[in-house]
Amino acid sequence: MGTHLEFDELKVTGLHKMAQINVPVLLFDIGEQAGCRRDPIEPSRHPIHDSRPQSAGAPGEGAWDYSPTSLALANEKNGVLRNEVNAFLKEEGVAISITPGYNGDGGTIFSTYGGSENPKDPIPPPIVAIGAEQYNRLVRLLQHGITPKLNFDIAVDYQKEDENAFNVIGEIPGTTKPDEVVMLGGHFDSWQGGTGATDNGTGSSVAMEAVRILATLHKPMARTVRVALWGGEEEGVYGSTAYVQQHFAQRTTMVKTPEYDKLDVYFNDDGGSGRFRGVSAGGSPQMAAIFKSWIEPIKDQHIVAVSGGDQFRPTASPGGTDSSAFSWIGLNGIGFQQDGLEYGTRTHHSNADTYDRVQKADVMQSSMIEAWFVYNAATRAEMLPRIPTPAPDPDAKSHE
Ligand SMILES: [Zn+2]
């Protein structure tokens, strides 16, 4: 089933009118232009490395600093602002909402979603992200009292056959302790602007390549090595959260399954294409010491740092990336620190997240290091030290 919408000479007059009543709607707040350089010399007012909205207070409290970029994100306070904006757009009969995305210039458009994943929340009109330069041109035309006319031809297919996401799981059985498991992985889903090459094609590839290296070497590993390519990460870490709750413990009760005590560690890569430069010890000084001993022999590969060895705090809720689903229930969810490269400024959730932006040598370095960490965990005499098990949280949000 396809929904085909055609907008014929859509006028922006109504949008301009809304600006006069000072309401928080994209493009209507014509006092601000989107985050791109106005000329080659002046620094950007919204530097592309930090164009996240600067807001204070809650919606309705009046202290919000609305801008095209903040409204493009519109996700503060768990979507309250986004829902208010969407309800307003609907109420005003807006045919289409135009946004410059929430970051980027020079042809890079950062655009993810404008609606809520909860079908009970207000459904916005179609939302279109356009380049900051084109967006700003519309703003300038409106400022000069000129009404632009825009044509949109939007074709959207809603896939209803299978509305579930899925995880892909594979493993190399352990030789002498097959019920003890070392995991590694990345997420397999991505956003629509590009192909998800760096978010998280690289993390998925690094995990697969690490497993290929280990399988090819045929070195015996006592523990089972299990690779996971998670689904639904971008919607809210759904795939890994469902997995850990089904296999290890429900966060609400913290009743442990037999698998809980056998899960040694999960290694995650979700930081773009850059090299591994450090590893997080998950707040455990014992773990930090172990990781330091592991990176010592491979320092020529330029991984040098072990961080986060002093203060463990359980993840409040799964978020950010899949390792959080593990640490949420007191398991070792470990991430690596990577070279940032252009992840935040160019590829993360943008239309430039394509294969061209992947740095082959960096991804090879990451694969080798991940394989090395997995190998060490899978062959170590003891399992890695466990962070403290959090108390049950009856109010914990479950994705199941
Ligand atoms: Zn990601």
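Going by the structure above, here's the rest.
Residues numbered from 1 in each chain as written. Predicted model: local features only at pLDDT ≥ 70, side-chain atom pairs only at ≥ 80, totals over all residues.

1. Some words on the overall build of the chain
Looking only at helices and strands, one finds eleven helices and eleven strands in the chain. Looking at the chain residue by residue over its 400 residues, the buried ones come to 42%. Long-range pairs, those at least 24 residues apart, make up 78% of the contacts in the chain between residues at least 6 apart in sequence. (Helix = DSSP H or I, 4+ residues; strand = E, 2+ residues; numbered from the N terminus. Buried ≥ 20, exposed ≤ 12 C-beta atoms within 10 Å, placed from the backbone. Contact = placed C-beta atoms within 7 Å.)

2. Some thoughts on the sheet that holds strand S11 (residues 333-338)
Strands sit in the order S5-S7-S6-S8-S11-S9-S10 across an open sheet of seven strands; the sheet is mixed. Unpaired on one side and paired on the other, strand S5 (168-172) and strand S10 (305-307) mark the two borders of the sheet. This sheet shows a mean twist of 25° between the axes of neighbouring strands, independent of strand direction. Pairing analysis gives three bridges linking strand S9 (residues 276-280) to S11, with the strands arranged antiparallel. Within S11, the residue paired with Phe276 across the bridge is Gln338. (Pairing = 2+ DSSP bridges. Axes fitted to C-alpha atoms, helices over the stretch in contact; angles between N-to-C directions.)

3. Regarding the packing of helix H5 (residues 197-217) against helix H11 (residues 360-379)
The contact between H5 and H11 brings their axes to 8 Å, and the two run at 55°. Comparing their axes, H11 and H5 come out oblique. Of the two possible hands of crossing, H5 and H11 adopt the one that is right-handed. Together, Thr202, Ser205, Val206, Ala207, Glu209, Ala210, Ile213 and Leu214 of H5 and Val363, Ser366, Ser367, Glu370, Ala371, Val374 and Tyr375 of H11 make up the contact between the two elements. When its residues are assigned to classes, the contact of H5 with H11 shows nine nonpolar, four polar and two charged. (Parallel < 35°, antiparallel > 145°, perpendicular 65-115°, else oblique. Left-handed = near helix turned anticlockwise from the far one by under 90°. Nonpolar A, V, L, I, M, F, W, Y, C, P; charged D, E, K, R; others polar.)

4. Things to note about H11
For H11, which comprises 20 residues, the first-to-last C-alpha distance of 29 Å matches the rise-based estimate of 28 Å (1.5 Å per residue) to within 8%. Listing the buried residues of H11 in full gives Val363, Gln365, Ser366, Ser367, Ile369, Glu370, Ala371, Trp372, Phe373, Val374, Ala377 and Ala378. (Expected span 1.5 Å × (residues − 1).)

The quantities given are spatial measurements derived from coordinates; they are silent on function.
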